[in-house]
Amino acid sequence: MRDILAPESARWRRFVDVFAEVVEAAGYGPLITPLVEDSGVFAGVGEATDIVLKEMYRFTDHGGRDVALRPEFTASACRAFVEHRPPTPWKVWLSGSNFRYERPQRGRYRQFDQVDIEVLGSDDPFVDVEVIALGWRFLQRLGLRQVDLLLNSLGEPAERDLYVDALRVHFDANLDALSPASVTTLERNPLRVLDSKRAEDVELIAAAPTIDQFYGDVSAHHFGVVCDGLDSLGIPYRIEPRLVRGLDYYVRTAFEFAGGTLDSAQNALGGGGRYDGLVEQLGGPQTPGIGFALGVDRTLLACDDEGVFASPGTAVDVFVVDTTGGEHALVVAEALRAAGRSAERAFDRRSMKAQMKAADRSGAALAVIIGADEAADGTAVVRPMRGGGEQYVVARPDLLAHVDALLT
Ligand code: AMP
């Protein structure tokens, strides 16, 4: 876990703002859920996956309740849906911190932020296309160009079951060649073996059966509509038959956004897919859902690699210098802020020289200077700080108009 200071913190906020702009333009509303939930909300999410087995921050609170810090958004969104029963399709976006007790490494933390959308209550394949397209558009808006969209369909649950059996047979027949870690994974969930990036496993995974051999008409049709929809939007993708989401409730569409500049073992900016049964598991009616989550850290690493989406500037419009004690700076800075200009000032009765230095550091476009003479006359000096221009004296009542004229 770590602190994020300005200007990086400002970039994080801007990241979420851009995400909100993109998804709100498609009718997604913000959803804010608690950081702490009953552990049962997440228990189903990670059945036999790492999240539940060892990664959840789970504890007993003062009231003896078994609670956990949110490890991801989807289960919280489904729990909120069950509790409030909003009209469907329910289209929401979320942002904020999630917690997983993971081994820290570059771009991986125990508290990390994601942005996320979820749609509940429709299994129309055009919803899949909309959701994927919004993720794509957001990454494009950040300026990223080296992003690969990987796409797959996991079929219907019965088809998946057959596929899992076929995978088990394939890996069982080659157990000696599999890494010890993957042998353990195989016992829990053969699908997760496909996620292994270990060198020993690569060849066996490449030779494993693929899910498309098991599609029935319905899932083949759904997947076809999704692919055609992306084609008609001109969004490039690569069908990746070994892209799986290991959890039992994932069905049909699965996708991932991979950062082209990132190390291949850690290159997923985020991903998502269609799920079924999660709402029911939390006590609601049978309700299909789809969504994705993007990690802020990795996406910003990708931005750094591509030299896009820099930290927003922190420069203020005006720095007010007051060598008479600070009360004029108080009034003038507040008046500027009330008029919609950003303004800073110095404190601690610093010298003229020290205040001018601070003005320069602030990046302000203008300095407004009030010394003893100006205080006595009811005037102020306006000094352009960048790009030349002479300083001049204005009457205090005219100050705002001059600032406006100089800044526009
Ligand atoms: P997931 O919710 O596991 O599908 O992860 C979606 C995305 O969240 C990943 O592709 C990462 O970008 C990000 N992410 C997941 N876990 C972490 C973590 N521990 N630290 C930083 N980012 C993470």
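Our structure's up above, just so we're on the same page.
Residues numbered from 1 in each chain as written. Predicted model: local features only at pLDDT ≥ 70, side-chain atom pairs only at ≥ 80, totals over all residues. Heavy atoms only, no water.

**Student:** I would appreciate a short explanation of the overall build of the protein chain in the present structure.
**Tutor:** Looking only at helices and strands, the protein chain has 16 helices and 16 strands in total. Each of the three principal axes of the protein chain carries a C-alpha extent, and together these read 90 × 55 × 45 Å. Here the protein chain, with 408 residues, has 50% of them falling under the buried criterion. Relative to all contacts within the protein chain whose residues are 6 or more apart in sequence, the contacts with residues 24 or more apart total 70%. A total accessible area of about 19,200 Å² is found for the protein chain, and carbon and sulfur atoms account for 51% of it. (Helix = DSSP H or I, 4+ residues; strand = E, 2+ residues; numbered from the N terminus. Buried < 20%, exposed > 50% of the residue type's maximum accessible area, 1.4 Å probe, protein only. Contact = heavy atoms within 4.5 Å. Areas by Shrake-Rupley, 256 points an atom, 1.4 Å probe, with all protein chains shown as cover.)

**Student:** Got a minute to help me understand the nonpolar core in this structure?
**Tutor:** Buried together is how nonpolar side chains tend to be arranged in soluble globular proteins. In this structure, F138, F171 and F257 are the most contacted members of the largest nonpolar core, which totals 79 residues. Per-element tally for this core: the top contributor is helix α5 (residues 125–142), with ten residues. The residues contacting F171, other than those within four sequence positions of it, are L178, L186, P190, V193, L194, L204, I205 and A208. Ranked by size, the runner-up nonpolar core spans 15 residues in total, among them V320, V368, V382 and V403. (Core = buried A, V, L, I, M, F, W, Y, C linked by side-chain atoms within 4.5 Å.)

**Student:** Whenever I open this one, the packing of aromatic side chains confuses me. Can you help?
**Tutor:** A ring pair, where both rings are aromatic, is described by two values, the distance of the centres and the angle of the planes. Under the defined criterion, the tally for this structure stands at 16 aromatic pairs. Note on F19 and W93: the rings are 6.2 Å apart at their centroids and 75° apart in plane angle, and the pair reads as edge-to-face. Of the two residues, F19 sits in helix α1 (residues 8–24) while W93 sits in strand β5 (residues 90–99), which places them 74 residues apart along the sequence. Judged on exposure class, the residue F19 and its partner W93 are both buried. Consider the rings of Y250 and Y275, whose centres lie 6.5 Å apart with planes at 90°: the pair is edge-to-face. Within this pair, whereas Y250 is found in strand β9 (residues 250–259), its partner Y275 is found in strand β10 (residues 268–275), the two being separated by 25 residues in sequence. The two residues Y250 and Y275 agree in class, both being buried. Seen from the ring of Y109, R2 lies directly overhead, with NZ or CZ sitting 3.5 Å from the centre. (Phe/Tyr/Trp six-rings, centres within 6.5 Å; stacked < 30°, edge-to-face > 60°. Lys NZ or Arg CZ within 6 Å of the ring centre and 35° of its normal.)

**Student:** What am I meant to see in helix α12 (residues 296–306) here?
**Tutor:** Residues spaced three or four apart along an α-helix face the same direction, because each turn holds 3.6 residues. Burial runs high along α12: nine of the eleven residues are buried. Residues of α12 that are buried: V296, D297, R298, T299, L300, L301, A302, C303 and E306. The inward-facing, buried residues of α12 contact α1, β6 (111–120), α5, β10 and β11 (289–295).

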